Amino acid sequence: MEKTDDFVKQITKKSEDFSRWYTDVIKRAKLADYAPIKGVMVIRPYGYEIWELIRDQLDRMFKDTGHQNAYFPLLIPESLLKKEAEHVEGFAPEVAWVTMGGSEPLEERLAIRPTSEAIICSMYAKWIKSWRDLPLKINQWTNIVRWEKVTRPFLRTTEFLWQEGHTAHASCKEAEEETLSILEIYKTFIEKYLAIPVITGLKSDSEKFAGALKTYCVETLMPDGKSLQAGTSHHLGQNFSKAFGIRFENKNQELEYAWQTSWGVTTRLIGALVMVHGDDSGLILPPEISPVQTVIVPISRGDWKETILPQAENIYHELKQNNIRVILDDRDTYTPGWKFSEWEVKGVPVRLELGPKDLEKKQVVLVNRINRDKKFVPVENLVETLKKLLADIQSELLSRARAFNASQTHIARTESEIIDIIETRRGLVKTAWCGSPQCEIPIKEKASATIRAILDQPDSQFEKCAICGKAPRHTVIFAKSY
RNA sequence: CGGGGCGUAGCGCAGUCUGGUAGCGUAUCGGUUUUGGGAACCGAGGGUCGGAGGUUCAAAUCCUCUCGCCCCGACCA
């Protein structure tokens, strides 16, 4: 056990220093590198490939549910940003401004988008005039700048990539349905593809999006016991339509303000992948989202280029034809052992080894990244065997993470229990809440934990609010967060 | 924005206390032998010691100022 952990060098142990481990893995796996600007990172090709896979899959899901992509400008005039009062107040501290055009000061300064509600709503006001124009469901894949004080690669950077969906509807009910259906897409995607279990729920008023009526969220638990908000879906009500004048004439010939939603997930998802699945040897990527699902390492000895390589190439083509993302590492400049370590750092779920002994026995060696289990399998039916192994790894990662979540979810019935659990064990604390903002304050002040989600289904085991003792209205999850 | 840590070869670091020829590991380049868990040996290249100013015969080292990065908090996806 101890010995195997040392195959990969130069990564701090996950159990020793979690933060350091996290940044070590990102650097060693070449996901990202620090850029010469404070809080800004370069997403390197390997990291970007993961983002592309996330993007492609979500994009299909959005399009299948009637959304279209568009592109709105990076720069937002200050006057537009100021139209929705709560919105500007929420974002003001982290907006970056353009004040000069060449050497001339601008008459009105321009915000670099911290989110695009303002610019998009200003356009929606032009485009929406009739109930026939609704619903309008547009998404964009883009970059965002928020001047954050503390940054960490993927989890919080000054500039990041995301998708933001912005929809307008004819009724409150329809907007609510849209908000919830997107929440469901996020949940499905994160669990099925990223193999990360999620908790969905509503944000309390103190945590909701600036300008929203309601914010639903997807929360995920990280190995250090902190909760990471992995996605949000906001029901904006008529707050923005009133501020921006998005009105339509309904079927009864009355003017009405549109009901809106907005929702997004970011490159932060990559950070979650790293933390949830990785180990002391580096990344472990779920097959569904891994840029390389299988790496073929030919054992290079003697006349391997004449004997082993041709067979490795045959296998490569067969797997590729069967839609397995595979690469053949035929570099003769590195030894097999070096390659093993390298691909482990990069989290490739299955390694396929092919050497002289295997050639003789008409077999290959399949190595599972999770536990380094070796299986000698016949070349015949390889595609089937491999697909099964990939599926097993995918489900093993999810069930492993689920088991961890279950073990880190604690029940608390009083304020002191909540604080005690947060301080000694961290993790998620399930408790009851009366709904008053006053009752969130002591937990935040004493344990710096907040309500991460108000659960859809109240748990009947709770008889009173943990803080004030009044009748509970909600079952909630308290946790420290990223 | 508070607390702590760190800037020396691509990367990881020693050297700083006590000033005196800028080093180690790894990576890189060339050569030979190797290759089933990061190969071995021989040789080579690579530095304005984060920046500016000062003290000194002499500064990576001492003093002053400054910039940047990381970690932990408070705030945010």
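What you see is a predicted model; the values in this text were computed from it and never measured.

1. Some words on the overall build of chain A
Of the regular secondary structure elements, chain A holds 15 helices and 23 strands. For 482 residues, the compact-globule estimate of 2.2 N^0.38 gives 23 Å, and the C-alpha radius of gyration of chain A, at 25 Å, lies within 12% of that figure. In terms of principal-axis extent, the alpha carbons of chain A reach across some 80 × 55 × 50 Å. Contacts in chain A between residues far apart in sequence, at least 24 positions, make up 69% of those at least 6 positions apart. If you sum the accessible surface of chain A, you get close to 22100 Å²; carbon and sulfur atoms cover 50% of it.

2. What to know about the side chain of Asn139
On the secondary structure map, Asn139 appears in strand β7 (residues 136–145). Assessed through its relative accessible area of 1%, Asn139 is described here as buried. Side-chain polar atoms of Asn139 contact the side chain of Asn69, separated by 3.0 Å.

3. Concerning the sheet that holds strand β16 (residues 326–328)
Sheet architecture is open: five strands sit in the order β16-β15-β17-β18-β19, paired in mixed fashion. The open sheet is flanked by β16 and β19 (374–378), the only strands paired with a single partner. Strand after strand, the sheet turns through a mean of 25° between neighbouring axes, direction not considered. Direction of pairing for strand β15 (residues 294–298) relative to strand β17 (residues 350–354): parallel, over a ladder of five bridges. Note that in β17 the partner of Pro298 across the bridge is Leu354. With respect to the sheet, helix α10 (residues 304–321) is in contact with β15, β16, β17 and β18 (363–368), its orientation differing from that of β16 by roughly 165°. Running over the sheet, helix α13 (residues 382–407) touches β15, β17, β18 and β19 and is turned about 5° from β18.

4. A few points about the sheet that holds strand β4 (residues 75–77)
The three strands are arranged β4-β6-β5 in an open sheet whose pairing can be described as antiparallel. Of all strands in the sheet, those with a lone pairing partner are β4 and β5 (96–101), marking the two edges. Here the average twist between neighbouring strands, direction ignored, is 45°. The sheet contact formed by β5 and strand β6 (residues 104–112) spans five bridges and is antiparallel.

5. As for the nonpolar core
Ranked by internal contacts, the top residues of the largest apolar core, which has 59 residues, are Leu31, Ile54, Leu58, Phe189, Ile190 and Leu194. Of the residues forming this core, the biggest block, eight residues, is contributed by helix α3 (residues 45–64). Ile54 has contacts with Phe189, Leu194, Leu269, Ile270 and Ile289, leaving out every residue within four places of it along the chain. Grouped together as the second largest cluster of nonpolar side chains are 28 residues, Ile315, Ile370, Leu386 and Leu389 included.

6. Quick word on a nonpolar patch on the surface
Residues Tyr71, Leu74 and Leu75 make up a contiguous nonpolar surface patch of roughly 280 Å² in combined accessible area. Checked against the element boundaries, Leu75 lands in strand β4.

7. Focus on helix α9 (residues 268–277)
With ten of ten residues buried, α9 is to be regarded as a mostly interior element. All of the buried residues along α9 are Arg268, Leu269, Ile270, Gly271, Ala272, Leu273, Val274, Met275, Val276 and His277.

8. Remarks on the packing of aromatic side chains
Under the counting rule described, the total for this entry stands at twelve aromatic pairs. Taking 5.8 Å as the distance between ring centres and 75° as the angle between the ring planes, the aromatic pair formed by Trp51 and Trp141 counts as edge-to-face. Taken as a pair, Trp51 in helix α3 and Trp141 in strand β7 lie far apart in primary sequence, 90 residues in all. Of the two residues, Trp51 and Trp141, neither departs from the other in class, the shared state being buried. With a centroid separation of 6.5 Å and an interplanar angle of 75°, the aromatic rings of Phe62 and Tyr186 are classed as edge-to-face. Of this pair, Phe62 sits in helix α3 while Tyr186 is found in helix α7 (residues 172–192), placing the two residues 124 residues apart along the sequence. Residue classification places Phe62 among the buried residues on the basis of a relative accessible area of 1%. With a relative accessible area of 1%, Tyr186 lands in the buried category. An aromatic cluster is defined as three or more aromatic residues linked by ring pairs; in this entry it consists of Trp51, Phe62, Trp141, Tyr186 and Trp263. Looking at Arg351, its charged tip hangs above the ring of Phe340, at a distance of 3.9 Å from the centre.

9. Some details on the protein's contact with RNA strand B
Taken together, 48 residues are adjacent to RNA strand B, and Arg28, Lys38, Arg156, Arg268 and Trp338 come closest. Here, RNA strand B places atoms within 4 Å of the protein, and 42% of those atoms are sugar or phosphate. Taking Arg351, its side chain carries an N or O atom lying 2.6 Å from a base oxygen of RNA strand B. Within the contact set of RNA strand B, a base nitrogen lies 3.2 Å away from a backbone nitrogen or oxygen of Tyr482. Residue assignment for the surface near RNA strand B shows that the elements contributing at least two residues are α2 (18–28), α11 (336–345), β17 and α12 (356–361). If you tally residues by element for the surface near RNA strand B, the top one is α11, at seven residues. Residue composition of the surface near RNA strand B, by class: 14 nonpolar, 13 polar and 21 charged.

10. Details of the domain arrangement of chain A
Accessible area lost upon the coming together of the parts serves often as the stated size of an interface. Under the domain assignment, chain A is made up of domain 1 (18–277), domain 2 (292–391) and domain 3 (409–479). Spacing between the C-alpha centres of domain 1 and domain 2 amounts to 40 Å. Across the contact, five residues belong to domain 1 and five residues belong to domain 2. Roughly 540 Å² of surface becomes buried between domain 1 and domain 2 when both sides are summed, with 51% attributable to carbon and sulfur atoms. The largest contributions to the domain 1 side of the interface with domain 2 come from Arg28, Tyr46 and Leu53, which together make up 72% of the buried area. Applying the counting criterion to the domain 1 and domain 2 interface returns zero salt bridges. The interface formed by domain 1 and domain 2 contains two residue pairs in polar contact (both at pLDDT 80 or more).

Cut-offs applied
Position numbers for residues start from 1 in each chain and track the written sequence from start to end. As they are written, the chains are lettered A onward and the ligands numbered 1 onward, keeping that order. Since the coordinates come from a predicted model, pLDDT governs what is reported: local features require at least 70, and pairs of side-chain atoms require 80 or more to be given and counted, while whole-chain, interface and lining totals use all residues. As a convention, hydrogens and water are excluded, and side-chain values are obtained from all of the structure's heavy atoms. Counting from the N terminus, the helices are the DSSP runs of H or I reaching at least four residues and the strands are the DSSP runs of E reaching at least two. This radius of gyration counts C-alpha atoms alone. The globule rule is 2.2 Å times how many residues there are, raised to the power 0.38. Should any heavy atoms of two residues lie within 4.5 Å, those residues are considered in contact. Using a 1.4 Å probe, the Shrake-Rupley method yields the accessible areas, and only the shown protein chains count as cover for residues. When accessible area is computed with a 1.4 Å probe and restricted to protein chains, residues below 20% of their type maximum are described as buried, those above 50% as exposed, and intermediate ones as partly exposed. Any pair of nitrogen or oxygen atoms within 3.5 Å is treated as a polar contact; in protein, a donor-acceptor pairing is required on top of that, and neighbouring residues in sequence qualify only through side-chain atoms on both sides. A pair of strands is treated as paired once DSSP finds two or more bridges between them. Helix axes are fitted only over the stretch in contact, all axes being lines through C-alpha atoms; the angle between N-to-C directions runs from 0 to 180 degrees. We call a set of buried residues a nonpolar core when its members are Ala, Val, Leu, Ile, Met, Phe, Trp, Tyr or Cys and they connect through side-chain atoms within 4.5 Å of each other. Like-charged residues are merged into a patch within 9 Å and nonpolar side chains (Val, Leu, Ile, Met, Phe, Trp, Tyr) within 5 Å, provided each residue has over 30% relative accessible area and no salt bridge. We define a salt bridge as a side-chain nitrogen of Lys or Arg found within 4 Å of a carboxyl oxygen belonging to Asp or Glu. Aromatic pairing here means that ring centres of Phe, Tyr or Trp (its six-membered ring) are within 6.5 Å. Orientation follows from the plane angle: under 30 degrees is stacked, over 60 is edge-to-face, and everything else is tilted. Geometrically, a lysine NZ or arginine CZ counts as sitting over a ring once it is within 6 Å of the ring centre and also within 35 degrees of the ring normal. Near residues are defined by distance, with any heavy atom within 4 Å of the molecule or strand qualifying the residue. Note that Gly is not counted as nonpolar here; it falls among the polar residues with everything else outside the nonpolar set of Ala, Val, Leu, Ile, Met, Phe, Trp, Tyr, Cys and Pro and the charged set of Asp, Glu, Lys and Arg. Each domain span listed reflects an automatic or database assignment of domains. Throughout, the accessible surface (probe 1.4 Å) given up by two parts as they are put together, summed over both, is called the buried area.

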